[in-house]
Amino acid sequence: MYSPSNPVTLMRQLNCRTYLLGAFWSSSVSLMSKTSAFLQQLVVAFMLGANIHTDIYYYLFALTLQVTSITQSLSTSVLVPHAMTLRSGNPEQEMRFHSTFLCLILLFVGFISVLALLMGERMACWLMNFPRSEVLQHMEMFYWFFPLVLLMILCYYLGEILVSFGYFMMSILTHLIINVSGILTLLILRPGDNLVCLMQSGCIAMSVFVMVQLWVLFRVVRWRFYLPDFSLVPKHLGSLSAIVAGQGMIVVVTMLPLYWLSQYGPGLVTLVNYAQKFVQSPLAIIQQVGSVLQVRLNQMVARRDTIQALRNALLPTLRVLFLLALVSSTVIFLLRDFISHWLYGMGRLPSENQLLLSWLLGLMAFSMPFTAIATAWQRLYFACRRVWLYFYLVTAVNVLSLILYYVFIQAWVATGYAIVFLLVEAIIAFAMYMGQRTAFKQRLNGI
């Protein structure tokens with residue numbers, strides 16, 4: 001028997017046996033993560049303001065998050081749901097399944113990373129639209145980008161495996177840890193304009209967290225890694241390809257507007273990042289409740305209770321999430337001047353940048369209710385295995401958004417970016433809803 005002070009026992013006590021408890025703890029940690037990201041932005045704004053150094057850092061870190069999000073989508077939408085169906089019959093098959101796809105993902109990303117590093121300056125100048133002299137000056141930061149991507153992918157995948165065992169917090173601790181490490185690095189080292197230390201501290205923090213996750217898997221969950229069996233890949237290649245294509249399009253849609261925006265002068269990428277991340281901070285609860293909802297929908301759909309999943313799980317959750325998002329967006333809109341002038345403006349952020357930040361916050365705040373709607377409906381697509389329908393809808397919206405971003409950024413620069421950001425969230429929410437209405441047709445009468 002384990003004593004209360006035994007670390008294995010303590011980890012088992014963190015296992016959330018109910019979805020309500022899981023939603024509470026995971027949402028709490030997610031809110032802490034978003035808060036730490038906001039605090040890190042305040043520290044950067046206070047020390048550096050908005051300039052070319054912060055632009056390049058935020059651009060590369062945004063690219064890091066987008067690339068790693070592909071792995072997270074693969075695990076949550078296809079790999080983990082299928083592995084959970086194997087668990088009751090043959091746990092060894094589940095472990096071999098995860099070992100195979102984790103190895104495949106790491107090999108692919110590792111190959112791309114080595115190729116990019118061999119190309120060096122040419123790849124850096126191709127990925128970033130900043131002045132060539134500035135890109136070459138920040139090559140060290142570019143080189144640290146690749147190990148950070150690999151470590152975060154490993155953290156995400158291991159975290160999603162632990163989520164399937166009820167450790168809902170493990171997946172979202174990644175962001176909290178990397179944000180806290182960044183804050184401590186800035187406050188202790190005070191690096192000035194050299195933000196490469198943030199990439200380095202992120203790599204160290206992720207390495208430690210990977211070891212913690214592996215310890216929990218081996219000691220608490222009693223997990224074993226098996227040699228990969230690549231004969232398992234073809235069966236899931238269609239669904240995985242759809243997710244990669246869809247998420248790859250999202251990476252392009254997210255990064256290409258920043259790529260276009262970066263040519264209009266230093267600081268704009270940073271200001272857009274400040275506004276976007278602040279607006280998305282309250283969405284931490286929404287996104288995490290959505291992750292817990294995904295597990296619930298997976299179980300109900302597996303029992304062929306799809307209509308009950310809609311009535312008893314999806315729609316009640318959707319109403320609550322929409323109300324929370326609407327209230328949050330209204331509060332941000334009313335306090336936008338205070339946020340830009342008194343929070344971000346305490347340090348080296350110039351007054352003209354403060355005015356622009358206030359304007360961006362006001363526009364982008366009202367994207368939140370639409371994001372809440374899209375997040376909830378998106379979970380049903382994955383639970384019902386309508387991956388290709390989801391892919392077609394997202395692709396159509398993303399192609400439209402790229403056209404809008406290009407036209408609006410050319411016309412109104414950062415303001416154009418904010419307008420399209422709001423429009424795209426509204427279009428996605430409408431498309432997600434109409435796609436499910438079309439798929440269910442007669443069975444959705446009265447819902």
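For clarity, every value in this text was computed on a predicted model and none was experimentally measured.

**Comments concerning helix H15 (residues 351-364)**
Taking 1.5 Å as the rise per residue, H15 with 14 residues should run 20 Å; its terminal C-alpha atoms sit 20 Å apart, in good agreement. The complete set of buried residues in H15 reads Asn353, Gln354, Leu357, Ser358, Leu360, Leu361, Gly362, Leu363 and Met364.

**Structural notes on the pattern of salt bridges**
This structure, assessed with the given rule, holds two salt bridges. Two residues, Arg87 and Glu94, come together in a salt bridge whose shortest N-O distance is 2.7 Å. For the salt bridge of Arg96 with Glu92, the shortest nitrogen-to-oxygen distance reads 3.7 Å. Of the two residues, Arg96 and Glu92 are both situated in helix H4 (residues 91-119); the distance of four residues between them amounts to about one turn of the helix.

**A closer look at the packing of helix H7 (residues 139-164) against helix H8 (residues 173-189)**
Between H7 and H8, the least distance of the axes is 10 Å, while the angle of their chain directions is 140 degrees. The segment H7 lies against H8, with Leu148, Met152, Cys155 and Tyr156 engaging Thr174, His175 and Ile178. Here the contact of H7 with H8 is built from residues that sort into five nonpolar, two polar and no charged.

**Points about the packing of helix H3 (residues 52-87) against helix H10 (residues 233-261)**
Between H3 and H10, the shortest axis-to-axis distance is 10 Å and the interhelical angle comes to 160 degrees. It follows that H3 is roughly antiparallel to H10 by the angle criterion. Considering only the axes of H3 and H10, their crossing is right-handed. The class makeup of the residues in the contact of H3 with H10 is 16 nonpolar, 10 polar and one charged.

**Observations concerning the packing of aromatic side chains**
For the coordinates displayed, the defined rule picks out 21 aromatic pairs. Judged by centre distance (5.2 Å) and plane angle (90 degrees), the ring pair of Phe142 and Phe146 falls under edge-to-face. Taken together, the residues Phe142 and Phe146, both in helix H7 and four residues apart, mark about one turn of the helix. For Phe142, a relative accessible area of 0% corresponds to the buried category. Their ring planes at 70 degrees and their centres at 6.5 Å tell us that Phe278 and Tyr344 sit as a pair that is edge-to-face. Note that Phe278 is positioned in helix H11 (residues 268-280) and Tyr344 in the loop between helix H14 (336-343) and H15, a separation of 66 residues in sequence. A single burial state applies to Phe278 and to Tyr344, both of which are buried.

**Focus: the layout of surface pockets**
Counted as a void, the largest pocket has a volume near 1200 Å³. Lining the largest pocket are 34 residues, with Val67, Ile70, Phe108, Ile112 and Val251 sitting closest to its centre. Top element by residues in the lining of the largest pocket is H10. It accounts for 11 residues. Considered class by class, the residues forming the lining of the largest pocket number 30 nonpolar, four polar and no charged.

**Some words on a nonpolar patch on the surface**
A cluster of nonpolar side chains, namely Leu323, Val327, Val331, Leu334, Leu335, Phe338 and Trp342, defines an oily patch on the protein surface of about 740 Å² accessible area. Of all elements in the fold, only helix H13 (306-334) and H14 reach the threshold of two or more residues within the nonpolar patch. Sorting elements by how many residues they give to the nonpolar patch places H13 first, with four residues. Within the fold, Leu334 resides in helix H13.

**Some thoughts on the confidence of the model for the chain**
Residues with a pLDDT of 70 or more make up 88% of the chain, whose mean pLDDT is 86. Scored below 50 in pLDDT, residues 1-5 makes seven contacts in the model with residues more than four places away or belonging to other chains.

Rules used in this analysis
- Think of each chain on its own: its residues are numbered from 1, step by step along the sequence as written.
- In keeping with the model being predicted, local features are shown solely for residues with a pLDDT of at least 70 and side-chain atom pairs are shown and tallied solely at 80 or more, while totals for entire chains, interfaces and linings include all residues.
- Each side-chain value is worked out from all heavy atoms of the structure, with water and hydrogens disregarded.
- Runs of E in the DSSP output that reach at least two residues are strands. Runs of H or I that reach at least four are helices, and both are numbered from the N terminus.
- Multiply 1.5 Å by the residue count of a helix minus one, and that product is the helix's expected span.
- Relative accessibility decides the category of a residue: with a 1.4 Å probe and only protein chains considered, values under 20% of the type maximum give buried, values over 50% give exposed, and everything between is partly exposed.
- Here, a salt bridge means any side-chain nitrogen of Lys or Arg that lies within 4 Å of a carboxyl oxygen of Asp or Glu.
- Simply put, an axis is a line fit to the C-alpha atoms, just over the touching stretch for a helix, and the angle between two N-to-C directions goes from 0 to 180 degrees.
- Contacts are assigned to residue pairs that have any heavy atoms within 4.5 Å of one another.
- Residues are grouped as follows: nonpolar covers Ala, Val, Leu, Ile, Met, Phe, Trp, Tyr, Cys and Pro; charged covers Asp, Glu, Lys and Arg; every other residue, Gly included, is treated as polar.
- When describing relative orientation, an angle under 35 degrees is termed roughly parallel and one over 145 degrees roughly antiparallel, while 65 to 115 degrees is termed roughly perpendicular and anything else oblique.
- In a left-handed crossing the near helix is turned counterclockwise from the far helix by less than a right angle, and in a right-handed crossing that turn is clockwise.
- Two aromatic rings from Phe, Tyr or Trp, using only the six-membered ring of Trp, form a pair when their centres are within 6.5 Å; if the ring planes differ by under 30 degrees the pair is stacked, by over 60 it is edge-to-face, and anything between is tilted.
- Definitions used throughout: a 1 Å grid over protein atoms alone; a cavity as a set of points that fits a 1.4 Å probe which cannot get out; a pocket as an open set with protein on both sides within 12 Å along at least five of seven lines; a lining residue as one with an atom within 4 Å of a point.
- Grid points are joined across faces, edges and corners, and a volume is the space filled by probe spheres set on the points.
- Only residues above 30% relative accessible area that lack a salt bridge enter a patch, with like-charged residues linked at up to 9 Å and the nonpolar side chains Val, Leu, Ile, Met, Phe, Trp and Tyr linked at up to 5 Å.
- Calculation of accessible area relied on Shrake-Rupley with a 1.4 Å probe; when residues are assessed, cover is drawn exclusively from the protein chains displayed.
- By definition, pLDDT measures how confident the predictor is in each residue, and it falls between 0 and 100.

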